[in-house]
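# Chains, contacts and geometry: an overview
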Amino acid sequence: MPRKGMRCLFFSSKTTSSSSPIGLSSPKRTLSGLVMERTLETAESMIMKWNPDTSSFAKVTSLFYENRREARDFIKCVNDLQKAMHLLVTEDSSSEKLVRAQNLMQIAMERLQKEFYQILSMNRAHLDPESVSARSSISLASTRSSSSDYEDDDGHEDEIRTAGESISEVEDVSTIVMADLRLIAECMISSGYGKECVKIYNIIRKSIVDEGIYRLGVERVSSSQIHKMDWEVLEIRIKSWLNAVKIAMKTLFNGEKILCDHVFASSDSIRESCFTEISKEGATLLFGFPEIVAKSSKKSPEKMFRALDMYTAISQHWPEIESIFAFESTSAVRSQAVASLIKLGESVRTMLTEFESTILKDASKSRVSGGGIHPLTIQVMNYFSLLADYSNVLADILEDSPQPAKSSLPESYFDISDSDDSPLPAISFRFAWLILVLLCKLDSKAKHYKDVCLSYIFLANNLQHVITRVRTSNLKYLLGDDWISKHEVKVKQFAANYERLGWDHVIKSVPENPTAEMSPEEVKECFRRFNAVFEQACRKQSVCVVPDSKLRDDIKVSIARKLMPVYLEFYNNQRLALGSERNLAISVRFTPDDIGHYLSDLFFGTAVSGGSSSSSSASSHSRPSRSH
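Quick summary incoming for the structure in this document. None of these values were measured; they are calculated from a predicted model.

### Quick word on helix α14 (residues 304-316)
In this model, α14 (13 residues) spans 18 Å end to end at C-alpha, consistent with the 18 Å of a helix rising 1.5 Å per residue. Judged by how many residues are buried, α14 sits mostly within the fold: 11 of 13 residues are covered. The set of residues buried in α14 consists of Met304, Phe305, Arg306, Ala307, Leu308, Asp309, Met310, Tyr311, Thr312, Ala313 and Ile314. Close packing links the buried residues of α14 with α12 (231-263), α13 (268-296), α15 (318-324), α16 (331-361), α17 (375-388) and α18 (391-398).

And the structure:
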């Protein structure tokens, strides 16, 4: 008897419009009956041979593993049996032949369920997502034919052989296994047993996806767990996730999509429902992690780079996410990925604002020795240089964010062109603003120097460092050459102010007309005055340090060009007035060559004893201030 719930989907009864006279039968009906009987006998012989309830051999042997040719004959018999049942139900829906055929179909389906399960279970290595995703479209196409194509055994073997020539041995096995799974699935679905086939497939393949996600280090975590987690531990989890998302998109989900599309190629609805059931939970878990981190972890500038890494990972894989999870039933996966992008973007904007606040709140009043580069400058520019490496991602994040208000600052503070007609990209404006915040903070720190000369050296050094970091990083593409040129002019202005305050009085100590006739006493007085102011200047300026070699040389050359010619002319014209060598040695402490040597030793921070004292001339000038 057929089992309860026997598939009768294709076997609804139909009343005939006429009936043959009792005792008579047409030649057509007799021929049809003979064909039907032969079909049933052939099917019964094949199906009962592989019935595990009647054959111990069939109970322990796999049909597709033992004899693949016979396996295809088995499928052909089932397909022929199904056609025969269609014909029987149109002739007599209560005939014994139909009952017999239904019983045979049930046995065949139970056999195919077992084969389907065994193939999936025993070939996990050949059906792992990495192997499947690596398969070429050619190898897939070689097996993409309907079940009717398998009636041509030789042709099917040729297709498998052709595919095997272009792929590795393992992939060749995968091709055969995938072809067998598709053959069984199409047979079961067309026979009304798709539900049983799908159930087996989903259970086995979902366990593989879930195991893959777990092995990649992705686990379900709560917001409270993330909030309590030490940053070192959380950073390890984020690094693990970054690796996981690459592998998951390239192999795990991509491989499952390829396998599912191939096995259930005959039914779009089954393909969609199977892949959704298999992958939705794991994918949602994977793409939900960044959102939880963004919402729950403590915000601090040093954590921004990991947030940007996660944002980059999702953005870079977005085409694959849209392609693999294109079904309406997997829209939750796409929505989760978008939600993570939104939360990560919000987190990055918050951390940028907090970093700006950190610069503004820096209240250290300690002076850097010699007017050198302040640690804040180094730290901030290192940070900005690294951020610039994420310029594409940041451009996306900052695109719709409001720009800082200009109204509180003079227009001249903004050293980058911006107009309503050609507005700057938000990311360029934001970096220009953040650097401006740094430079303004450095202005205030320059005022902590008692020596105004050191203040200008400090400003020149720090702005030069900023420019150097901009030139040698992706910041140069964001800020542009015009920004760099304008700030280089400011460095020269700071250096010029330093020279004016630190060396003008030395230059002016040389007579305006070095060739004018002078008495020996006047010459001696001029040399004594120059000796005193030059020595004092060298002692005082020897504490200054200029780390940038080009800036250091530029300042030295500029001072030498102003001082050396006038002193050399005075020296050559007036030294003879001193008479003896003894008088010359007493009055002239510095030859022109000595002047050059002393200048060349400046700006290395090698202070002479007493060099920290301030000259009255320098201290009498007002404090320097940036003119942006």
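That was the structure; now back to the text.
### Things to note about the nonpolar core
Grouped together as the largest cluster of nonpolar side chains are 179 residues, with contacts concentrated most on Phe116, Phe253, Phe264 and Phe384. It is α12 that contributes the most residues to this core, 15 residues altogether. The contact partners of Phe253, leaving out residues within four places of it in the chain, are Val209, Ile213, Ala248, Phe275, Ser279, Gly282, Ala283, Leu286, Ile324 and Phe325.

### Overview of the pattern of salt bridges
Taken as a whole and judged by the stated rule, the model has 29 salt bridges. Residue Asp261 is joined to Lys257 by a salt bridge in which the shortest nitrogen-to-oxygen separation is 3.0 Å. Of the two residues, Asp261 and Lys257 both sit in helix α12, 4 residues apart, roughly one turn of that helix. For the pair Asp261 and Lys257, a shared accessibility class is recorded, and that class is buried.

### Quick word on the layout of surface pockets
Looking at the largest pocket, its volume works out to about 370 Å³. Lining the largest pocket are 17 residues, and of these Val491, Lys492, Lys550, Leu551 and Asp554 sit closest to its centre. Looking at side-chain class alone, the lining of the largest pocket contains 6 nonpolar, 3 polar and 8 charged residues. When residues of the lining of the largest pocket are sorted by domain, at least three fall in each of domain 3 (362-406 + 425-503) and domain 4 (509-601).

### Comments concerning helix α20 (residues 452-471)
For an α-helix, the turn length of 3.6 residues means that residues three or four places apart are oriented alike. Taking 1.5 Å per residue, 20 residues should reach 28 Å; α20 reaches 29 Å between its end C-alpha atoms and fits that length. The buried fraction of α20 is high, at 17 of 20 residues.

### With respect to the packing of aromatic side chains
Scanning the entire structure with this criterion turns up 23 aromatic pairs. Plain terms: the ring middles of Phe253 and Phe325 are 5.3 Å apart, the flat faces sit at 70° to each other, and that makes the pair edge-to-face. With Phe253 in helix α12 and Phe325 in the loop between α15 and α16, this pair connects stretches of sequence that are 72 residues apart. Here Phe253 and Phe325 have matching classes, each one buried. Ring geometry for Phe355 and Tyr383: centres 4.1 Å apart, planes at 20°, overall stacked. On the criterion of sequence distance, the pair formed by Phe355 in helix α16 and Tyr383 in helix α17 is long-range, its members being 28 residues apart. Exposure class is identical for Phe355 and Tyr383. Each is buried. Clustering of aromatic rings is evident, with ring pairs tying together Trp503, Phe527, Phe530, Phe534, Tyr567, Phe570, Tyr571, Phe590 and Tyr598.

### Describing the side chain of Gln541
For Gln541, the position within the fold is in helix α22 (residues 520-541). Within the structure, Gln541 has its side chain in polar contact with the side chain of Tyr498 (distance 2.8 Å).

### As for the packing of α12 against α14
It is the contact of α12 with α14, at a shortest axis distance of 10 Å, that shows an interaxial angle of 15°. Accordingly, the angle class assigned to the pair α12 and α14 is roughly parallel. Considering the relative orientation of α12 and α14, their crossing is left-handed. In this structure, α12 contributes Trp231, Glu235, Ile238, Lys239, Trp241, Leu242 and Val245 to the contact, and α14 contributes Arg306, Asp309, Met310, Ala313 and Ile314. Per-class residue counts for the contact of α12 with α14 are 8 nonpolar, no polar and 4 charged.

Parameters at a glance
- Residues numbered from 1 in each chain as written.
- Predicted model: local features only at pLDDT ≥ 70, side-chain atom pairs only at ≥ 80, totals over all residues.
- Heavy atoms only, no water.
- Helix = DSSP H or I, 4+ residues; strand = E, 2+ residues; numbered from the N terminus.
- Expected span 1.5 Å × (residues − 1).
- Buried < 20%, exposed > 50% of the residue type's maximum accessible area, 1.4 Å probe, protein only.
- Contact = heavy atoms within 4.5 Å.
- Core = buried A, V, L, I, M, F, W, Y, C linked by side-chain atoms within 4.5 Å.
- Salt bridge = Lys/Arg side-chain N within 4 Å of Asp/Glu carboxyl O.
- 1 Å grid on protein atoms, 1.4 Å probe; cavity = no way out; pocket = protein on both sides within 12 Å on 5 of 7 lines; lining within 4 Å.
- Points joined across faces, edges and corners; volume = space filled by probe spheres on them.
- Nonpolar A, V, L, I, M, F, W, Y, C, P; charged D, E, K, R; others polar.
- Domains from an automatic or database assignment.
- Phe/Tyr/Trp six-rings, centres within 6.5 Å; stacked < 30°, edge-to-face > 60°.
- Polar contact = N/O pair within 3.5 Å; in protein donor to acceptor, adjacent residues only side chain to side chain.
- Axes fitted to C-alpha atoms, helices over the stretch in contact; angles between N-to-C directions.
- Parallel < 35°, antiparallel > 145°, perpendicular 65-115°, else oblique.
- Left-handed = near helix turned anticlockwise from the far one by under 90°.

Note that all results are geometric; they support no functional claim without further evidence.
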